[in-house]
There are 2 protein chains.
Amino acid sequence: MAAKLGILAGGGPLPARIVQSCLASGREVFVIAFNNETDPSTCEGVAHLWVPLGKVGTTVKRLKAEHCVEVVLAGPIRRPSFSKLKPDMRALKLLGKIGKAKGQGDNAILSLLVEELEGEGFRVVGADDLLSDVAAPGGIMSEKTPNERDQADIEIAARVALALGALDVGQAVVVQQGVVLGVEAVEGTDALLERCAGLKREGRGGVLVKLKKPEQERRADLPTIGSDTVRRAAEAGLHGIAVEEGQSLILDRADMVAEANRLGIFVVGIKV
Amino acid sequence: MAAKLGILAGGGPLPARIVQSCLASGREVFVIAFNNETDPSTCEGVAHLWVPLGKVGTTVKRLKAEHCVEVVLAGPIRRPSFSKLKPDMRALKLLGKIGKAKGQGDNAILSLLVEELEGEGFRVVGADDLLSDVAAPGGIMSEKTPNERDQADIEIAARVALALGALDVGQAVVVQQGVVLGVEAVEGTDALLERCAGLKREGRGGVLVKLKKPEQERRADLPTIGSDTVRRAAEAGLHGIAVEEGQSLILDRADMVAEANRLGIFVVGIKV
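Our subject in this report is the structure included herewith. If you're wondering where the values come from, they're calculated on a predicted model, not measured in any experiment. (Residues numbered from 1 in each chain as written. Chains lettered and ligands numbered in written order. Predicted model: local features only at pLDDT ≥ 70, side-chain atom pairs only at ≥ 80, totals over all residues. Heavy atoms only, no water.)

### With respect to the overall build of chain A
The test is simple: Elements are defined by DSSP. Helices are runs of H or I of four residues or more, strands are runs of E of two residues or more, and each kind is numbered from the N terminus. A radius of gyration in this sense is built from C-alpha atoms; the matching globule rule multiplies 2.2 Å by the number of residues raised to 0.38. The buried label goes to any residue with under 20% of its type's maximum accessible area, the exposed label to any with over 50%, and the partly exposed label to all in between, with areas taken from a 1.4 Å probe on protein chains only. Two residues qualify as a contact provided that any one of their heavy atoms is within 4.5 Å of a heavy atom in the partner residue. A residue counts as positive if it is Lys or Arg and as negative if it is Asp or Glu; His and the chain ends are not included. To locate a charge, the coordinates of NZ of Lys, CZ of Arg, CG of Asp or CD of Glu are taken.
Check the secondary structure of chain A and you find ten helices and 13 strands. Computed over C-alpha atoms, the radius of gyration of chain A comes to 19 Å, within 12% of the 19 Å expected from 2.2 N^0.38 for 272 residues, which places it in the range of a compact globule. Dimensions along the principal axes, computed over C-alpha positions, put chain A at roughly 55 × 40 × 30 Å. Expressed as a percentage of the 272 residues in chain A, the buried residues total 55%. A sequence separation of at least 24 residues applies to 72% of the contacts in chain A between residues at least 6 apart. The positive charge centre, built from 34 side chains, and the negative charge centre, built from 36, are 5 Å apart in chain A.

So this is what it looks like as structure tokens:
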């Protein structure tokens, strides 16, 4: 039996999936839930503590008191303003380090946080170390397959996504007929897809490509898609979605594939 | 007296400024106005022809019949869908070349168009060859000056803008407190600024940086700002705007500076 797992629970359904999976296998968990970020259902029936995002010292102390050996960071966290963060001493120290770091994008911050947790003796694992079928497979998952135009669009989008990712800006890019319709920064993939619905040229077509940033700490914030992403891509009039094989997460893959088939969207795992 | 100028008039106020400047100096002009793109006031009282965007053959023929020697491409053109473009034979030939070009972003297309016009014997000039005070000067234009945090944000935004521009994606980037809030693709700078208003962290701060794409054909679609950009930047809660000295256009600079001073926004011309 694996040792107790500490779950730093960001938004979305991923943390709850990890909780469920651990409970199913009889593994103990302790959830750190962040005010205004974590879905409350994540904590139902399991040991947990609600904390403001800035309480890093409290979080570390409690995880130790709970004898957590492994820790996972799961689900996105929206970056708060400094005034809303209400940092404790430990968070202030971390912010000082972030200020001195080269980049100040999400990846720079998450890498420092992982380092900090490891410095405290925790073993930090990725969501895909815990959920056996969450990592994106290679190849076509849907009934629909990308056509030649889609393949060309995927290539362009992947090139742009990698360049952006190298600058720690965002993970997602939408391309249609060779034209980059939109590029993700802090607004997130959902807002990107909504905007692209109004920007694309008429007729169906276009692809969403979502890739890990080249230097990304892979134990935190891997690109994630699910049924919801498929629905939004369809609403935006796109042909399909490409993610990186083994370097992105798919929530409830069977559901997502069913939704993609229902909506006539392709989903493919590519190598970059 | 310079020879007759052919003006391919895209959207916004730049084409009208060129018309006014030519008329003031007694230079003859002929305006090609594009349906749904050109502001109708651009053509008032001057010789002109309205054409659908896809009528490249008609445009070339008419400019020759009008004995235009120099031609300027001024103002942005929204990229139409193929079905709306209704291309003539000449446009189809051009589209064939575009299909074979490396990139298919705006710059790739504009470069081919400039090449095409030069192949027909026209001399293609830039808006800043015609309007003496439209090129952005270096240094601070406003009363407000960028602080240290703004300078750091400008550096980050410029790095991202150049990387994006190299991929022919867009020209504008918004950064606040080291975080890239948004990146422009086809939505344009206005939509980018609107979106960033909802994404920034509270408190004033953040910069808009708008730069020429590194490989951009500089006679077409140089980054342009004006009073309206300043207003939208202020509405988005930003501190200021940076453009590239000599490589971007400022419409009605005196008005823009007055507006920047009224709203407490800085505007600076930088070297990159």
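### Details of the relation of the copies chain A and chain B
Spelled out, the test is: When the copies are superposed, the least-squares fit takes in the C-alpha atoms of residues with a pLDDT of at least 70 in both.
Its rotation angle being 180°, the transformation that places chain A on chain B also includes 0.0 Å of axial translation and leaves an RMSD of 0.0 Å. Here the copies are linked by what is in effect a two-fold axis. Across chain A, the smallest distance between a C-alpha and the rotation axis is recorded for Val-183 of chain A, namely 3.2 Å. Interface overlap between copies is the fraction of interface residues in one copy that are interface residues in the other; for chain A against chain B it reaches 100%, indicating a shared surface.

### Thoughts on the sheet that holds strand S2 (residues 29–34) of chain A
All names here are of chain A. Spelled out, the test is: When DSSP finds at least two bridges between two strands, those strands are taken to pair. Axis definition: a line fit to C-alpha positions, over the contact stretch in the case of helices; interaxial angles, taken between N-to-C directions, run 0 to 180 degrees.
What the five strands build is an open sheet, ordered S3-S2-S1-S4-S5; its pairing is parallel. Two strands in the sheet have a free side with no partner beyond their single neighbour: strand S3 (48–51) and strand S5 (123–125). Taken pair by pair, the neighbouring strands of this sheet meet at an average axis angle of 25°, ignoring direction. In terms of strand pairing, strand S1 (residues 5–9) meets strand S4 (residues 70–74) through five bridges, oriented parallel.

### Points about the interface of chain A and chain B
Just so we agree on the cut-off: By buried area we mean the combined loss of accessible area, with a 1.4 Å probe, across both parts when two parts are placed together. A pairing counts as a salt bridge when a side-chain nitrogen of Lys or Arg comes within 4 Å of a carboxyl oxygen of Asp or Glu. Distance and chemistry together define a polar contact, namely a pair of N or O atoms within 3.5 Å, with one atom able to donate a hydrogen and the other to accept it when in protein, and with adjacent residues in sequence counting only for side-chain atoms on both sides. Under this grouping Gly is polar, as are all residues other than the nonpolar Ala, Val, Leu, Ile, Met, Phe, Trp, Tyr, Cys and Pro and the charged Asp, Glu, Lys and Arg.
On the chain B side, the residues contacting the 27 residues of chain A number 27 residues. The junction of chain A with chain B conceals about 2,300 Å² of combined surface from both sides, 63% of it contributed by carbon and sulfur atoms. Seen at the junction of chain A and chain B, the total is two salt bridges. Between Arg-195 of chain A and Glu-187 of chain B there is a salt bridge, and its shortest N-O distance comes to 3.9 Å. The interface formed by chain A and chain B contains zero residue pairs in polar contact (both at pLDDT 80 or more). Of all the elements in the fold, those that place two or more residues in the side of chain A that touches chain B are helix H3 (82–85), helix H7 (148–166) and strand S8 (179–183) of chain A. In terms of residue class, the side of chain A that touches chain B is made up of 13 nonpolar, six polar and eight charged.

### A closer look at the pairing of S4 of chain A
With five of its five residues buried, S4 of chain A lies for the most part within the structure. Here S4 of chain A shows a buried face lined by Glu-70, Val-72 and Ala-74 of chain A and a second buried face lined by Val-71 and Leu-73 of chain A.

### Points about the sheet that holds strand S11 (residues 240–244) of chain B
The mixed open sheet is built from six strands, whose spatial order is S6-S13-S11-S9-S7-S8 (chain B). Bordering the open sheet on either side are strand S6 (139–140) and strand S8 (179–183) of chain B, each of which pairs with just one other strand.

### Details of the side chain of Thr-189 of chain A
Residues and elements named next belong to chain A. When you line up the elements, Thr-189 lands in helix H8 (residues 188–197). Looking at Thr-189, the relative accessible area reads 8%, which means it is buried. Beyond its immediate chain neighbours, meaning those up to four positions away, Thr-189 contacts Ala-172, Glu-184, Leu-208 and Lys-210.

### A word on the environment of Ile-18 of chain A
Residue and element names in this part refer to chain A. Examined against the element boundaries, Ile-18 turns out to sit in helix H1 (residues 14–24). In sequence terms Ile-18 and Ile-7 are eleven residues apart; their C-alpha atoms lie 8.3 Å from each other. Leaving out residues up to four positions away in the same chain, Ile-18 has contacts with Leu-5, Ile-7, Val-72, Ala-74, Ala-127, Leu-130 and Leu-131.

### A few points about helix H1 (residues 14–24) of chain B
Residue and element names in this part refer to chain B. Those residues of H1 lying buried are Leu-14, Pro-15, Ala-16, Ile-18, Val-19 and Cys-22. Against the buried residues of H1 lie strand S1 (5–9), strand S2 (29–34), strand S4 (70–74), helix H6 (127–130) and strand S12 (249–250). Looking one or two residues beyond H1, the residue adopting positive phi is Gly-26, at roughly 80°.

### Quick look at the pairing of strand S13 (residues 266–270) of chain A
Residue and element names in this part refer to chain A. Buried residues dominate S13, accounting for five of its five residues. Alternating residues of S13 divide into Phe-266, Val-268 and Ile-270 and Val-267 and Gly-269, and every residue in both groups is buried. Sheet topology places strand S6 (residues 139–140) next to S13; two bridges connect them, and they run antiparallel. When the bridges of S13 are listed, Gly-139 appears paired with Gly-269. Judged from the five bridges that link them, strand S11 (residues 240–244) and S13 form a sheet pairing that is parallel.

### Observations regarding the pattern of salt bridges
Residue and element names in this part refer to chain A. Tallying each qualifying case throughout the model produces 44 salt bridges over all chains. A salt bridge links Glu-66 to Lys-4, with the nearest nitrogen and oxygen atoms 2.9 Å apart. A residue pair is termed long-range when its members are at least 10 positions apart, and Glu-66 in the loop between helix H2 (56–65) and S4 and Lys-4 in the segment before S1 qualify at 62 residues. The burial state of Glu-66 is the same as that of Lys-4; both residues are buried. The partner of Glu-259 in a salt bridge is Arg-231, and the shortest N-O contact between them spans 3.0 Å. Pair noted here: Glu-259 is in helix H10 (residues 253–263) and Arg-231 is in helix H9 (residues 227–235), with a separation of 28 residues, a long-range link. Residue class for Glu-259 comes out buried when judged on its relative accessible area of 11%. Arg-231 gets classed as partly exposed once you look at its relative accessible area, which sits at 33%. Through salt bridges with shared partners, a single ionic network connects Asp-190, Glu-194, Asp-228, Arg-231, Arg-232, Glu-259 and Arg-262.

### Details of the packing of helix H9 (residues 227–235) of chain B against helix H10 (residues 253–263) of chain B
Residue and element names in this part refer to chain B. Going by this rule: Orientation labels follow simple angle bins: below 35 degrees gives roughly parallel, above 145 gives roughly antiparallel, 65 to 115 gives roughly perpendicular, and whatever is left gives oblique. By convention the crossing between two helices is left-handed if the near helix lies anticlockwise of the far one by an angle smaller than a right angle, and right-handed if it lies clockwise.
The contact between H9 and H10 brings their axes to 8 Å, and the two run at 15°. Here H10 runs roughly parallel to H9, going by the angle between their axes. Relative to H10, H9 is oriented so that their crossing is right-handed. Taken together, the residues of H10 that come into contact with H9 (itself represented by Ser-227, Val-230, Arg-231 and Ala-234) are Asp-255, Met-256, Glu-259, Ala-260 and Leu-263.

### Comments concerning the side chain of Glu-217 of chain A
By the secondary structure assignment, Glu-217 of chain A is in the loop between strand S9 (207–210) and strand S10 (224–225). Aside from chain neighbours lying at most four places away, what touches Glu-217 of chain A is Asn-107, Ser-111 and Val-114 of chain A.

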